[in-house]
Protein chains: 2
Amino acid sequence: MGDLLDGDQNEMDPLERQVVAMFVDGVRVLGLPRSIGEIYGLLFISPSGLSLDDLVCRLRISKGSASQGLRTLKSLGAVRETDGGADRRTYYEPAIELKRLAGGFIREQIRPHLENGKTKIGRLAESTREIEDPDRRKFLGERVERLETWMRSGGRVLPILQKLLGQ
Amino acid sequence: MGDLLDGDQNEMDPLERQVVAMFVDGVRVLGLPRSIGEIYGLLFISPSGLSLDDLVCRLRISKGSASQGLRTLKSLGAVRETDGGADRRTYYEPAIELKRLAGGFIREQIRPHLENGKTKIGRLAESTREIEDPDRRKFLGERVERLETWMRSGGRVLPILQKLLGQ
DNA sequence: AGCTTTGTTCAATTTAGTTTGAACTCTCAG
DNA sequence: CTGAGAGTTCAAACTAAATTGAACAAAGCT
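Treat the numbers as computed from the prediction; the structure is a model and nothing was measured.

Q: Could you give an account of the relation of the copies chain B and chain A, naming the residues involved and the relevant values?
A: The pair of chain copies shares a relation made of a rotation about an axis and a shift along it. For the pair chain B and chain A, the best superposition has an RMSD of 0.1 Å and corresponds to a rotation of 180° with a translation of 0.0 Å parallel to the axis. Taken together, the turn and the small shift mark the pair as related by a two-fold rotation axis. Within chain B, the C-alpha atom positioned nearest to the axis of rotation is that of Gly 31 of chain B, 3.0 Å from it. Interface overlap between copies is the fraction of interface residues in one copy that are interface residues in the other; for chain B against chain A it reaches 100%, indicating a shared surface.

Structural data, given as structure tokens:
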């Protein structure tokens, strides 16, 4: 079947490859794995939702990768599931509003680190107060304060960033 | 020598380790290698500049790592060299103003990717216009436009971000 | 110039992180 | 209840990236 006009979705055309490649290095900047870029990229240029199987056979990645990649993308709010009608499987569509994408990334990847950092700096401030040598204590105190300033700036900037990207 | 009171700078104390560890995962978020976090971290809590050799023996990293790490940090504007007086070697001090750090990161790591992305989207727009099927062309045109919007938002936000962090 | 110390470069190694694939669970259809 | 398809999990295999270390270059000192 289908030798001349094979409507199967098993090969990406060059333009799709181009887009997928773009997203692959897009997500590398964000420190996310290649497969996530591939998956999001393919969803992004597909006019309708794709199933896990579609992703597996068009991107030639394993079911495992696809499943994990989709999970991460869901947690970032970058894809949403749509119920495939009569079909038993789930279809996925990309979120394409920058606000949503940035928001998810900030919430899932940046905020946790900021919080974590604040905690660590707290402990650091603690240790610093117990230093004997007054010169050293003073110096370290200043540096800890600097770290706290950084964190405050970060905390202040994130919401503004989200707001600015939401247009 | 120096069994009781060894003033040599060969070991980090626990507090220094704590700070270095903090910076190590700080830089991981930014997609930079561990050694860069270690180097910057140690400089950050050292009251005076350190030489490449100081870094090598206190962090137990190779000269190669230290040299490359310092190069990256210099390119980011995160360390500056100071001339070690009578000494022949160079000493390094950290830049601690968030504005400067963020500025360097944006300039060296983010801007290039943005520019690169714009170029690729340009080519993509080109390819898209040559698509036969009008439905497909329309859909792809919309997606390319979306990408262009993202890039514009990014370009607009970066300078504001830098300004906001400069306080 | 020759010797010594500082710093750089890069191929080889090591390490960290990603992907795979087989085994598993869950759910629905018959 | 059983069988088949959809999706998940995770140890092992693989890949990409960082680190090492040895050879090299540059710069001062005698």
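Having seen the structure, we can now continue with the description.
Q: Give me the lowdown on the nonpolar core, citing residues and values where you can.
A: Counting residues in hydrophobic clusters, the biggest one holds 34 residues, and the most contacted among them are Ile 39, Tyr 40, Leu 42, Leu 43 and Leu 73 of chain A. Among the secondary structure elements, those contributing two or more residues to this core are α1 (14-29), α2 (34-45), α3 (52-59), α4 (63-75) and α5 (98-129) of chain A together with α5 (98-129) and α6 (134-165) of chain B. The element contributing the most residues to this core is α2 of chain A, with seven residues. If we ignore the near neighbours within four places in the chain, the residues touching Tyr 40 of chain A are Phe 23, Leu 73, Ala 78 and Pro 94 of chain A. In terms of nonpolar packing, the next biggest core, distinct from the first, is built from 33 residues, Val 20, Phe 44, Ile 45 and Ala 102 of chain B among them.

Q: Requested: an account of the domain arrangement of chain A, with residues and values cited.
A: Interfaces are often sized by the amount of accessible area the parts lose when they come together. Residue and element names in this part refer to chain A. In terms of domains, chain A is made up of domain 1 (14-94) and domain 2 (98-165). Relative to domain 2, the C-alpha centre of domain 1 lies at a distance of 33 Å. At the interface, five residues of domain 1 touch six residues of domain 2. Along the lines of polarity and charge, the residues of the side of domain 1 that touches domain 2 split into three nonpolar, two polar and no charged.

Q: Please provide a residue-by-residue account of the protein's contact with DNA strand C, values included.
A: Contacts to DNA strand C come from 20 residues, most closely from Pro 33, Arg 34 and Gly 64 of chain A together with Gly 64 and Arg 89 of chain B. The set of elements that each furnish at least two residues to the surface near DNA strand C consists of α2 and α4 of chain A together with α3 (52-59) and α4 (63-75) of chain B. Looking at side-chain class alone, the surface near DNA strand C contains four nonpolar, nine polar and seven charged residues.

Cut-offs used in this document
- Residues numbered from 1 in each chain as written.
- Chains lettered and ligands numbered in written order.
- Predicted model: local features only at pLDDT ≥ 70, side-chain atom pairs only at ≥ 80, totals over all residues.
- Least-squares fit on C-alpha atoms with pLDDT ≥ 70 in both.
- Contact = placed C-beta atoms within 7 Å.
- Core = buried A, V, L, I, M, F, W, Y, C linked by C-beta atoms within 7 Å.
- Buried ≥ 20, exposed ≤ 12 C-beta atoms within 10 Å, placed from the backbone.
- Helix = DSSP H or I, 4+ residues; strand = E, 2+ residues; numbered from the N terminus.
- Domains from an automatic or database assignment.
- Nonpolar A, V, L, I, M, F, W, Y, C, P; charged D, E, K, R; others polar.
- Near = placed C-beta within 6 Å.

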